[in-house]
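What the coordinates show
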Amino acid sequence: MSVSQQPAPARSDLAVAASDAAATPAVRYPFRRHGLLLTIGSTVWAATMVLFDLDPTSRVGEIGYAFGSGLFQTGLLALLWVLWKTDALGTGKVAKTALGIETVLVTLAIGSTIADGVGISDLNQPGWALLDAFWPFSMFGMFLIGIRIAIAGQWRGVRRFWPMVAESWAVVTIPTLIVFGPIVAQVVAPLHLLVGYAVLGVLVSSKPR
């Protein structure tokens, strides 16, 4: 029987190894803040809907509603960035182009929100009316993106299908407003935001297993 001996590591070797381990940064999940921004924006916008109504008439209501909706739209931009980086719609040029177009739509919608907040928009003017139209255009675009995420299957589990739930906000709220009136829509709109986009933000901010 042969016995091999190995010298015990010196204290200096252990110290160097420990310092190297401490110096190596832990890999953090990169989209935590993006998801958190979406959740916060959705929650704040839902709160402004309850406080100031879906179509506020007072100046304070217009400012508060614009702040809430603008924060939500900023969360949408964060979500679009995550979708881009994770190839959630697929890896082809069409998927990237769709995300690029939707980013432009949301950005123009933010311009409309800012104009409403500072009180310079006038929907009787064609230019302002066109800018305001980017709000529903962008939300309908998000709905199509939600469907595409489910079809592409790049995201797994509940993450694959929850975007379709969240991004159906416009196609649920607008018909509700038309068919059942503002009283019912006043309940459905903020509730859908919380169940849909706020939860989606939590999913995005959580590291997949």
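Residues numbered from 1 in each chain as written. Predicted model: local features only at pLDDT ≥ 70, side-chain atom pairs only at ≥ 80, totals over all residues. Heavy atoms only, no water.

**Here we look at the overall build of the protein chain**
Regarding its fold elements, the protein chain presents eight helices and zero strands. Mapped in sequence order, the helices and strands of the protein chain form the string α-α-α-α-α-α-α-α. Per-residue burial over the protein chain gives 39% buried out of 209 residues. Here the contacts in the protein chain between residues at least 6 apart in sequence split such that 71% fall between residues at least 24 apart. For the protein chain, the exposed surface amounts to about 12,300 Å²; the carbon and sulfur share of it is 69%. (Helix = DSSP H or I, 4+ residues; strand = E, 2+ residues; numbered from the N terminus. Buried < 20%, exposed > 50% of the residue type's maximum accessible area, 1.4 Å probe, protein only. Contact = heavy atoms within 4.5 Å. Areas by Shrake-Rupley, 256 points an atom, 1.4 Å probe, with all protein chains shown as cover.)

**Some points on the pattern of salt bridges**
It is possible for side chains bearing opposite charge to pair when their charged atoms get close. Going through the model one piece at a time under the given rule, you end up with two salt bridges. With its nearest N and O atoms 2.8 Å apart, the salt bridge here joins Arg59 to Glu62. With Arg59 and Glu62 both in helix 3 (residues 59–85) and three residues apart, the pair spans about one turn of that helix. For Glu62, a relative accessible area of 30% translates into the label partly exposed. One salt bridge in this structure joins Lys96 and Asp87, with 2.8 Å as the shortest N-O distance. (Salt bridge = Lys/Arg side-chain N within 4 Å of Asp/Glu carboxyl O.)

**Brief notes about unusual backbone geometry**
The phi torsion at Asp53 lies on the positive side, around 80 degrees, for a residue other than glycine. Judged by relative accessible area, which is 38%, Asp53 ranks as partly exposed. Even without a glycine there, the phi angle at Asp87 is positive, about 55 degrees. With respect to the helices and strands, the residue Asp87 is situated in the loop between helix 3 and helix 4 (93–118).

**Here we look at the confidence of the model for the protein chain**
In this model, the protein chain carries a mean pLDDT of 87, and residues with pLDDT of at least 70 account for 87%. Low confidence marks residues 10–24, where pLDDT is under 50. Its contacts with residues over four positions away, or in another chain, come to one contact. (pLDDT = per-residue confidence, 0-100.)

**So, helix 3**
Helix length check: helix 3 (27 residues) gives 39 Å between terminal C-alpha atoms against 39 Å at 1.5 Å per residue, within 8%. Directly after helix 3, the chain includes Asp87, whose backbone phi takes a positive value near 55 degrees. (Expected span 1.5 Å × (residues − 1).)

**Re the layout of surface pockets**
Its boundaries defined by the atoms lining it, the largest pocket holds a volume of some 870 Å³. Lining the largest pocket are 28 residues, and of these Leu54, Asp55, Tyr65, Asp132 and Trp135 sit closest to its centre. Among the secondary structure elements, those contributing two or more residues to the lining of the largest pocket are helix 2 (32–52), helix 3, helix 4, helix 5 (126–152), helix 7 (169–180) and helix 8 (182–205). In terms of residue count, helix 7 provides more of the lining of the largest pocket than any other element does, five residues in total. Residue composition of the lining of the largest pocket, by class: 17 nonpolar, five polar and six charged. (1 Å grid on protein atoms, 1.4 Å probe; cavity = no way out; pocket = protein on both sides within 12 Å on 5 of 7 lines; lining within 4 Å. Points joined across faces, edges and corners; volume = space filled by probe spheres on them. Nonpolar A, V, L, I, M, F, W, Y, C, P; charged D, E, K, R; others polar.)

**Overview of helix 2**
Spanning 21 residues, helix 2 covers 30 Å between terminal C-alpha atoms, matching the ideal 30 Å at 1.5 Å per step. By the burial criterion, the buried members of helix 2 are Gly35, Leu38, Thr39, Gly41, Ser42, Trp45, Ala46, Thr48 and Met49. Looking at the packing, one finds that the buried side of helix 2 touches helix 3, helix 5, helix 7 and helix 8. A positive phi of about 80 degrees marks Asp53, the residue just after helix 2.

**Describing the side chain of Glu102**
Turning to its location among the elements, Glu102 is positioned in helix 4. One buried charged residue, Glu102, forms no salt bridge at all, with the nearest opposite charge on Arg148 at 14 Å. (Lys, Arg positive; Asp, Glu negative; His and termini not counted.)

**Observations concerning the nonpolar core**
Counting residues in hydrophobic clusters, the biggest one holds 37 residues, and the most contacted among them are Leu83, Trp169 and Tyr197. The contact partners of Tyr197, leaving out residues within four places of it in the chain, are Leu38, Ser42, Phe72, Leu76, Leu79, Met139, Met142, Ala166, Glu167, Trp169 and His192. (Core = buried A, V, L, I, M, F, W, Y, C linked by side-chain atoms within 4.5 Å.)

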